[in-house]
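Here is what each chain is made of, one letter per residue.
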Amino acid sequence: MLGDDAELTAAVLAAQNGDETAFRAVYRTVHPRLLGYVRTLVGDLEAEDVASEAWLQIARDLTRFSGDADRFRGWAARIARNRALDHIRMRGRRPAIGGDETELTGKAAESDTAGEAMESLATDHTLSLIARLPQDQAEAVVLRVVVGLDAKTAAETLGKRPGAVRTAAHRGLKKLAELLGGDPESAGALDALPSQRDSRGRAVTSAGVTHAGARTQKGM
C-alpha cells in the first residue's frame, strides 16, 4: 500500500499512462476508505457492488483526471457518491448499514494487505454508528475523517460550502462521540480511525478532533 501522498500522486500518474501495477496500488490505497464512504450511503450489503461500479468509472475516466493525491481522492469520492445516489434513487431510500454489529466487527477486509485488514476491523463498528447520523453529518464525517479530504475538497464533493461541511462534520463527530461514549467497548474506536488533514495539509488525528470540541470546529 502506498505510504504517502507523493507516492499516491506518482502512482495515479503511472496508472494514467497504462501501468496496471500502479493502478492496483492506487486501488489498494484508496478503496478501503472509499468503501467506508459508500457504506454510509447505501448500507453494508450493497456497498461492494456500488463501489465496484465506481471503480469501473474511475478506470474508464482516469485519463481525464488531473491533479495530485488529494484531488484524486476527492474525484474518486464524487464518482462513488454519484453511483451511490443513483442506487438510492432506484431503490427509493437510504438504509442503515445492514447486519449484526458483531458480524461487522469480525468481517475480513477484501484486500490482502494486513494493514488494511486491521483498518477494517477497527472502523467497521464506528461506520455502523456513523450511518445512524443524519446524512449530511455522516457524509461530512466520513469524507473528512475516513477518506481524509480537506474541507474544501469535501465541499466540492458534496456541492456545498466548506463552512457548511465543517459545521456538519463538527456536529456529526460530537454526536458520534456521544454514541461511542455510551458503549464502553467502543470507547477507543475513534482513535483507530485514519488521520485527516487540516486546511494547511497537516495530519490531524481523529482522536484529537473528536475529544476536543473547540479544536474540532477550528481544525476542520
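The structure reproduced in this document is the subject of the present report. The structure displayed is predicted, hence computed values, not measured ones.

**A closer look at the overall build of the protein chain**
Turning to step 1, where the next piece is worked out: Within the protein chain, the secondary structure is distributed over 11 helices and two strands.
Turning to step 2, where the next piece is worked out: Listing each helix as α and each strand as β along the protein chain from the N terminus yields α-α-α-α-α-α-α-α-α-β-β-α-α.
Turning to step 3, where the next piece is worked out: Counting contacts in the protein chain only where the partners sit at least 6 residues apart, residues at least 24 apart contribute 65% of the total.
Turning to step 4, where the next piece is worked out: A total of about 10,500 Å² of accessible surface is found on the protein chain, and carbon and sulfur atoms cover 50% of it.

**Quick look at the environment of A169**
Turning to step 1, where the next piece is worked out: Note that A169 resides in helix α9 (residues 162-181).
Turning to step 2, where the next piece is worked out: Separated by 29 residues in sequence, A169 and A140 place their C-alpha atoms 4.9 Å apart.

**Structural notes on the packing of helix α7 (residues 135-146) against α9**
Turning to step 1, where the next piece is worked out: Contact pair α7 / α9: the axes reach a minimum separation of 8 Å and the direction vectors enclose 95 degrees. By the angle between their directions, the pair α7 and α9 is classed as roughly perpendicular. Where α7 approaches α9, its residues D136, Q137, A140, V141, R144 and V145 are matched on the opposing element by V165, A168, A169, R171, G172 and L173.
Turning to step 2, where the next piece is worked out: For the contact of α7 with α9, a count of residues per class yields seven nonpolar, two polar and three charged.

**Some details on the packing of aromatic side chains**
Aromatic ring pairs: the centre-centre distance and the angle between the two ring planes describe each pair.
Turning to step 1, where the next piece is worked out: Using the criterion set out here, one finds five aromatic pairs in the structure.
Turning to step 2, where the next piece is worked out: Between F65 and W75, the aromatic rings sit 5.2 Å apart at their centres with planes inclined by 35 degrees, giving tilted as the arrangement. Of this pair, F65 sits in the loop between α3 (44-61) and α4 (69-91) while W75 is found in helix α4, placing the two residues 10 residues apart along the sequence.
Turning to step 3, where the next piece is worked out: Taken together, a centroid distance of 5.8 Å and an interplanar angle of 45 degrees make the contact between F72 and W75 tilted. In this pair, F72 and W75 are both assigned in helix α4, three residues apart and thus about one turn of the helix distant.

**Let's talk about the pattern of salt bridges**
Turning to step 1, where the next piece is worked out: Throughout the structure, instances matching the rule amount to nine salt bridges.
Turning to step 2, where the next piece is worked out: Across the pair E139 and R81 runs a salt bridge, and its minimum N-O distance is 2.6 Å. Taken as a pair, E139 in helix α7 and R81 in helix α4 lie far apart in primary sequence, 58 residues in all.
Turning to step 3, where the next piece is worked out: Judged by relative accessible area, which is 15%, R81 ranks as buried.
Turning to step 4, where the next piece is worked out: Bridged by salt links that share partners, the residues D5, D70 and R73 form one connected network.

**Considering the environment of A77**
Turning to step 1, where the next piece is worked out: By secondary structure assignment, the location of A77 is in helix α4.
Turning to step 2, where the next piece is worked out: Overall, A77 belongs to the buried group, its relative accessible area being 0%.
Turning to step 3, where the next piece is worked out: Those residues in contact with A77 that sit more than four places away from it in its chain are L34, Y37, L143, L149 and T157.

**Here's the deal with the side chain of T153**
Turning to step 1, where the next piece is worked out: With respect to the element layout, T153 can be found in helix α8 (residues 151-158).
Turning to step 2, where the next piece is worked out: For T153, a relative accessible area of 9% puts it in the buried group.
Turning to step 3, where the next piece is worked out: Apart from the residues within four sequence positions on either side, T153 is in contact with D70 and G74.

**Concerning helix α2 (residues 20-42)**
Turning to step 1, where the next piece is worked out: H31 marks where α2 bends most, by close to 45 degrees; the proline P32 follows one to four residues later.
Turning to step 2, where the next piece is worked out: Capping of α2 at its N-terminal end is provided by D19; its side-chain oxygen lies 3.0 Å from the backbone amide nitrogen of T21.

What counts, and where the lines are drawn
- Residues numbered from 1 in each chain as written.
- Predicted model: local features only at pLDDT ≥ 70, side-chain atom pairs only at ≥ 80, totals over all residues.
- Heavy atoms only, no water.
- Helix = DSSP H or I, 4+ residues; strand = E, 2+ residues; numbered from the N terminus.
- Contact = heavy atoms within 4.5 Å.
- Areas by Shrake-Rupley, 256 points an atom, 1.4 Å probe, with all protein chains shown as cover.
- Axes fitted to C-alpha atoms, helices over the stretch in contact; angles between N-to-C directions.
- Parallel < 35°, antiparallel > 145°, perpendicular 65-115°, else oblique.
- Nonpolar A, V, L, I, M, F, W, Y, C, P; charged D, E, K, R; others polar.
- Phe/Tyr/Trp six-rings, centres within 6.5 Å; stacked < 30°, edge-to-face > 60°.
- Salt bridge = Lys/Arg side-chain N within 4 Å of Asp/Glu carboxyl O.
- Buried < 20%, exposed > 50% of the residue type's maximum accessible area, 1.4 Å probe, protein only.
- Bend = angle between axes of the 7 residues up to and from the residue.
- Polar contact = N/O pair within 3.5 Å; in protein donor to acceptor, adjacent residues only side chain to side chain.

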